[in-house]
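Analysis of the macromolecular model
Below, each chain spelled out in residue letters.
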Amino acid sequence: MSLLFGTAGTPHSSGGTDSISGVRRVHELGLGCMELVFVRGVKMGEKTARTVYDIAKQLGIRLSVHAPYYINLNAEGATLEASKERILASARIGQICGAKSVVIHAGFIQKFPRYTVYERIKKALIEIRDKLVSEGVNITLRVETMGRLSQFGTLDEALSITEVDGVLPCIDFSHLHAVSGKNNSRDEFASILSRIEEKLGRKGLDDMHIHVSGIDYSEKGEKNHLLFAESDFQYNELMQAFVEFDIKGMVICESPNLEDDALVLKREYRKCFDANI
Ligand SMILES: [Zn+2]
């Protein structure tokens with residue numbers, strides 16, 4: 001099994017709320033990865049980041065980073081610069097932690113046509129990427145598929161933007177479901193994975209970064225995350241599609257109970273995997 005399951009941030013059952021306790025707890029639980037959630041700002045210092053790197057390496061836990069929510073690359077002036085700076089800070093600390101990816105909510109559509117937003121976000125990502133390369137920071141920027149059409153990040157947008165070097169998608173399957181109420185069956189999940197393969201090739205399926213949770217939604221899209229048990233999201237069918245396509249990478253659980261639903265996913269995946277061989 002080279003598909004790893006883990007939590008969005010430190011598991012609730014950890015001894016402490018810090019990332020180091022989180023990595024240790026993820027390992028104790030038999031999970032394989034964790035996302036460091038810098039969603040309210042990058043507050044981790046370099047010294048802590050180096051300790052996180054050492055512990056994660058020692059325990060064999062893979063890491064990613066979620067950049068702050070307060071980012072809008074479809075902006076100008078100070079807002080744009082501050083957004084770029086938040087992504088740069090996430091990437092720099094993420095690299096020290098040994099994370100391979102930084103997940104980004106790229107921006108808001110506002111009053112603009114979507115193609116204009118696409119071009120503006122693309123330009124900003126190229127600038128961010130150039131800066132990171134010049135600093136020797138080699139970390140993948142992952143543009144997330146979002147749960148509302150008012151945000152940049154349809155499946156098409158998240159796949160097209162990979163034309164920027166060093167950018168790959170973060171596929172949030174729960175968001176893709178919440179946007180339309182569709183995308184909730186094995187066939188629909190399979191067609192999403194097929195589109196990823198068409199666009200990125202087999203290597204796209206071999207290096208996936210995924211978010212999943214239960215989710216509540218309205219005709220406007222995502223409302224909030226739920227437990228799988230309280231939600232209509234068919235994670236069992238998603239796990240079947242994962243096995244069918246033999247995808248690899250990281251699956252981060254964002255349900256409110258974090259590790260409990262991450263373990264539900266891992267068990268369900270294992271069941272489908274064993275039934276398939
Ligand atoms: Zn996110």
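About the thresholds
Residues numbered from 1 in each chain as written. Predicted model: local features only at pLDDT ≥ 70, side-chain atom pairs only at ≥ 80, totals over all residues. Heavy atoms only, no water. Donors = N, O, S within 2.8 Å, 3.2 Å for Na, K, Ca; no water. Tetrahedral: all angles 85-135°; square planar, octahedral: opposite > 155°, others 65-115°. Helix = DSSP H or I, 4+ residues; strand = E, 2+ residues; numbered from the N terminus. Buried < 20%, exposed > 50% of the residue type's maximum accessible area, 1.4 Å probe, protein only. Core = buried A, V, L, I, M, F, W, Y, C linked by side-chain atoms within 4.5 Å. Contact = heavy atoms within 4.5 Å. Phe/Tyr/Trp six-rings, centres within 6.5 Å; stacked < 30°, edge-to-face > 60°. Polar contact = N/O pair within 3.5 Å; in protein donor to acceptor, adjacent residues only side chain to side chain. Pairing = 2+ DSSP bridges. Axes fitted to C-alpha atoms, helices over the stretch in contact; angles between N-to-C directions. Parallel < 35°, antiparallel > 145°, perpendicular 65-115°, else oblique. Nonpolar A, V, L, I, M, F, W, Y, C, P; charged D, E, K, R; others polar. Disulfide = S-S within 2.5 Å. Expected span 1.5 Å × (residues − 1). Salt bridge = Lys/Arg side-chain N within 4 Å of Asp/Glu carboxyl O.

Some thoughts on the coordination of the zinc ion
Protein coordination at the zinc ion: the donors are His 66 (NE2), His 105 (NE2), Glu 144 (OE) and Glu 144 (OE), at 2.1 to 2.7 Å from the metal. Its four donor atoms give the zinc ion angles of 53 to 152° at the centre, a pattern that matches the irregular case. Taken in chain order, the donor set of the zinc ion reads H-x38-H-x38-E. With a gap of 39 residues between them, His 105 in the loop between strand 4 (101-104) and helix 4 (114-134) and Glu 144 in strand 5 (residues 140-144) connect regions that are remote in the sequence.

Section: unusual backbone geometry
Positive phi is not limited to glycine here, since Gln 110 has a value of about 50°. Here Gln 110 lies in the loop between strand 4 and helix 4. On the basis of relative accessibility, which here comes to 51%, the residue Gln 110 falls in the exposed class. Residues other than glycine seldom take positive phi values, yet Leu 258 does so here, at roughly 40°. Position of Leu 258 among the secondary structure elements: in the loop between strand 10 (249-253) and helix 10 (259-276).

A word on the nonpolar core
With 79 residues, the main nonpolar core has Leu 63, Phe 173, Leu 193 and Phe 242 as its most contacted residues. Top element by residues in this core is helix 4. It accounts for seven residues. When residues no more than four places from it in sequence are discounted, the contact partners of Leu 63 are Val 23, Met 34, Leu 36, Val 52, Ala 56, Cys 97, Ala 99, Lys 100 and Met 250.

Thoughts on the packing of aromatic side chains
Under the criterion given, the structure shown has seven aromatic pairs. Between Tyr 118 and Phe 152 the ring centres are 6.1 Å apart and the planes differ by 45°, which places this aromatic pair in the tilted class. Taken together, the positions of Tyr 118 in helix 4 and Phe 152 in the loop between strand 5 and helix 5 (155-160) put the pair 34 residues apart, joining distant regions of the chain. Of the two residues examined, Tyr 118 and Phe 152, each falls in the buried class.

Here we look at the side chain of Thr 10
Along the chain, the position of Thr 10 falls in the loop between strand 1 (3-8) and helix 1 (19-28). Here Thr 10 falls in the buried class, since its relative accessible area comes to 17%. Polar contacts involving the side chain of Thr 10 include one to the main-chain carbonyl oxygen of Thr 17, which spans 3.4 Å. A polar contact is formed between the side chain of Thr 10 and the backbone oxygen of Asp 18, at a distance of 3.1 Å. Those residues in contact with Thr 10, other than ones at most four positions away along the chain, are Gly 16, Thr 17, Asp 18, Ser 19, Gly 22, Met 34 and Leu 258.

Let's talk about the sheet that holds strand 7 (residues 208-212)
Judged by pairing direction, the barrel is parallel, and its eight strands sit side by side in the order 1-2-3-4-5-6-7-10 before closing back on the first. Going from strand to strand, the sheet's axes swing by 30° on average, the running direction of each strand aside. Helix-sheet contacts for helix 1 involve strand 1, strand 2 (33-37) and strand 3 (62-66), and the interaxial angle to strand 2 is about 160°.

Considerations on the packing of helix 2 (residues 46-59) against helix 3 (residues 77-97)
Where helix 2 contacts helix 3, the two axes come as close as 7 Å, and the packing angle between them is 40°. Relative to helix 3, the element helix 2 is oriented oblique. For the pair helix 2 and helix 3, contact is made by Glu 46, Ala 49, Arg 50, Val 52 and Tyr 53 and by Ile 93, Ile 96 and Cys 97, respectively. Among the residues forming the contact of helix 2 with helix 3, the class breakdown is six nonpolar, no polar and two charged.

Describing the state of the cysteines
Under the defined criterion, the tally for this structure stands at zero disulfides. Distance from the sulfur of Cys 170, which forms no disulfide, to the nearest cysteine sulfur (Cys 33) is 12 Å. Taking relative accessible area as the criterion, Cys 170 reaches 0% and is therefore assigned buried.

A closer look at helix 10
Over its 18 residues, helix 10 runs 25 Å from end to end, which matches the ideal 26 Å to within 8%, given 1.5 Å per residue. Regarding helix 10, the residues found buried are Glu 259, Asp 261, Ala 262, Leu 263, Leu 265, Glu 268, Tyr 269 and Cys 272. Looking at the buried positions of helix 10, the neighbouring elements they touch are strand 1, strand 7, strand 9 (221-226), helix 9 (235-245) and strand 10.

A word on the pattern of salt bridges
Pairing is possible between side chains of opposite charge, provided their charged atoms come close. Applying the stated criterion across every chain, the model contains 20 salt bridges. One salt bridge connects Lys 84 with Glu 127, and the closest N-O pair in it is separated by 2.6 Å. Remark: Glu 127 occurs in helix 4 and Lys 84 occurs in helix 3; sequence separation between them is 43 residues. Relative accessible area serves as the criterion here: at 31%, Glu 127 is assigned to the partly exposed category.

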